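What the coordinates show
This is what each chain is made of:
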Amino acid sequence: MPGKASAIPVGTGFTPNLINLPAFLDALIQHAGDPEALQEAVWRPPVRLPRETSSRTRSLPVESAIQYGLLTKDREPTELARSLASLEPADLYDRFARHILLERGGLRVIEGIRQMQADGLRVTGDSLARFLSAQGFPVSVHNTAINSLRMWLSMAGVFPQGKRDPWNISEEAVKALVGLDAASIASLTDLDAAQRGFLAGLCALDPDGWFPAAEIRDWVETTQGVQIGRQSLPKAILEPLRDTGLVEFRTGGTKSGKTSKVRTTEKFRSDVLTPFLETTLRDLESVVSEYYKKKPDDIYVELSAKEPHVRGAALEAYTIHIMRLLGLQFVAWRKRSAQTAHAEVDILMTGLLGGLPTRWQLQCKNTTEPIRLEEIAKEVGLLPVTAASHIMFVANTTFTSDARKFANMIMARSATTIFLLDKTAFGKIRETPTTIAEILRKQSEAILRMRSENPFSPT
């Protein structure tokens, strides 16, 4: 987004076609403590490749190296730079790519590409920058940042080298570099602060075999300041972590008074999970691409599952399903299923509707309790924060008459549009997904009639 700092390294003047990375790293180490000599070295062969004929600002390669984590702000080589310099070229590019994916926003870029491709959107450097910026991950448009990052990742096989299908992701390469597949990454983003803290404790302690879960909890609370609480460890912490496939646990039972024990699986790698938990997850709060893969029939079945976490994941998938039916784009989760006993999900969406730009608060509920006036009022009260032009409830239940009257009053007194889709509409959308357009059209006509009856004086 123009005028905002990029969430990924700018990278201008620092790309594989301009820089010999092994020679560049050698120069960083050889001229440590001598900024002037370093500045001269990075513009000479063998560091600077002969194809470069531009007169770009001489400081750009060094500034990019700082942003990529190869140099400190004092122009000293980092531990990363020194470790990379000790590797053979093939391993070097893989290790650098892994660093970019986990610690420099690379996985967030991959996530944006997956979403765009799933929705049939054309991916270019500029379109991807705009897409990510709209989701709160700012990347400058008309800048080399995102293309530079793609080029470095292509050196490790994440993207093709050359101009043909330059944004075609190799999922196998991503999994090999990161040590986690897309499904595992998505499951990790669903963990709450306590569950992430416990997992971080496992990474730090890296126990061998079965280990008392309570001791890990106590260690995390003491050393990391994360309050896990004294609720049931199996239900609150261990079960969600087991669902990620990273741990197993067994409990001694409530009668025996013995603590649960936990051990890590073959998928657990502390060297991967530590930077993922510390850095990567900050950018991946909005992972939704895994939900794109769920079929609507499967979603509806899972909405009735016995397991709360299955119902919650299905509701999030259903929310994304509704968003895509409307042709809108994801902006951010506002409230997720794990935060609301797996019965409610809120997201912000944006996109063109009827050729006009819109911003939506969408709330999906999978509950038997009727939606009351207070719940509509709460969403209306958030408008100054979300800047939404539309509010939509999609609920597998009913709305009270007071809730509907309140929504009508708000629409009569403001430009805000509120759509209320109850269990009847829920069923129609399940039967024929495209019905949502007709449902919204009829409600829009009713809203227009209501407003036209008293255009200047709300009633």
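Residues numbered from 1 in each chain as written. Predicted model: local features only at pLDDT ≥ 70, side-chain atom pairs only at ≥ 80, totals over all residues. Heavy atoms only, no water.

Once that is clear, we can look at the packing of aromatic side chains. For the structure shown, the criterion picks out 14 aromatic pairs. Pairwise contacts between aromatic rings join Phe14, Phe24, Tyr68, Tyr93, Phe96 and Trp152 into one cluster. Note that arginine 48 overlies the ring of tryptophan 43, its terminal NZ or CZ placed 4.6 Å from the centroid. The positively charged end of arginine 250 is found above the aromatic ring belonging to tryptophan 210, 4.2 Å away from the centroid. (Phe/Tyr/Trp six-rings, centres within 6.5 Å; stacked < 30°, edge-to-face > 60°. Lys NZ or Arg CZ within 6 Å of the ring centre and 35° of its normal.)

In this section: the sheet that holds strand E6 (residues 356-365). Hydrogen bonding along the main chain pairs the strands of a sheet, whether they run parallel or antiparallel. A sheet is described by the order of its strands in space; here 5 strands give the open sequence E4-E5-E6-E7-E8, paired in mixed fashion. In the strand order of this sheet, the two ends are held by strand E4 (329-335) and strand E8 (417-421), each with one partner. Direction aside, neighbouring strands of the sheet carry axes that sit 20° apart on average. Inspection of the sheet shows strand E5 (residues 344-353) paired to E6 by 10 bridges, in the antiparallel sense. Bridge pairing in E6 links valine 345 to cysteine 364. Where helix H22 (residues 435-453) meets the sheet, its contacts fall on strand E7 (390-395) and E8, and the angle it forms with E8 comes to roughly 130°. (Pairing = 2+ DSSP bridges. Helix = DSSP H or I, 4+ residues; strand = E, 2+ residues; numbered from the N terminus. Axes fitted to C-alpha atoms, helices over the stretch in contact; angles between N-to-C directions. Contact = heavy atoms within 4.5 Å.)

Per the stated rule, a full pass over the model turns up 14 salt bridges. One salt bridge connects aspartate 271 with arginine 98, and the closest N-O pair in it is separated by 3.7 Å. Here aspartate 271, found in helix H14 (residues 270-283), pairs with arginine 98, found in helix H5 (residues 89-103); they are 173 residues apart in sequence, far enough to count as distant. A salt bridge links aspartate 119 to arginine 324; its shortest N-O distance comes to 2.8 Å. With aspartate 119 in the loop between helix H6 (106-118) and helix H7 (125-134) and arginine 324 in helix H17 (residues 308-325), the pair connects residues that are 205 residues apart, well separated along the chain. Assessed through its relative accessible area of 28%, aspartate 119 is described here as partly exposed. The network of salt bridges with shared partners includes Glu438, Arg441, Lys442 and Glu445. (Salt bridge = Lys/Arg side-chain N within 4 Å of Asp/Glu carboxyl O. Buried < 20%, exposed > 50% of the residue type's maximum accessible area, 1.4 Å probe, protein only.)

Right, let's talk about the pairing of strand E2 (residues 247-250) for a bit. By the alternation rule, side chains of E2 split into Val247 and Phe249, which are all buried, and Glu248 and Arg250, of which none is buried. Across 4 bridges, E2 lies against strand E3 (residues 261-264) in antiparallel orientation. From the neighbouring strand, phenylalanine 249 faces E3, where its bridge partner is valine 262.

This next bit is on helix H8 (residues 145-154). H8 sits mainly inside the fold: 8 of its 10 residues count as buried. Among all positions of H8, only Ala145, Ile146, Ser148, Leu149, Arg150, Trp152, Leu153 and Ser154 are buried. Buried residues in H8 make contact with helix H1 (21-30), H5, H6 and H7.

Glancing now at the nonpolar core. Leu70 and Phe198 are the most contacted members of the largest nonpolar core, which totals 87 residues. Counting residues per element, this core draws most heavily on H5, which supplies 7 residues. For leucine 70, the contacting residues outside a window of four places in its chain are Phe14, Phe24, Leu25, Leu28, Ala65, Glu76, Pro77, Thr78, Leu80, Ala81, Leu84 and Phe96. (Core = buried A, V, L, I, M, F, W, Y, C linked by side-chain atoms within 4.5 Å.)

In contact at an axis separation of 8 Å, helix H21 (residues 423-431) and H22 are set at 145° when each is read in the N-to-C sense. Only Thr435, Ile436 and Ile439 of H22 make contact with H21, whose side of the interface consists of Ala425, Lys428 and Ile429. In terms of residue class, the contact of H21 with H22 is built from 4 nonpolar, 1 polar and 1 charged. (Nonpolar A, V, L, I, M, F, W, Y, C, P; charged D, E, K, R; others polar.)

Let us now look at the pairing of E3. Looking at chain direction, strand E1 (residues 211-212) and E3 are connected through 2 bridges and run antiparallel. Looking at E3, one finds that proline 212 is bridged to lysine 261.

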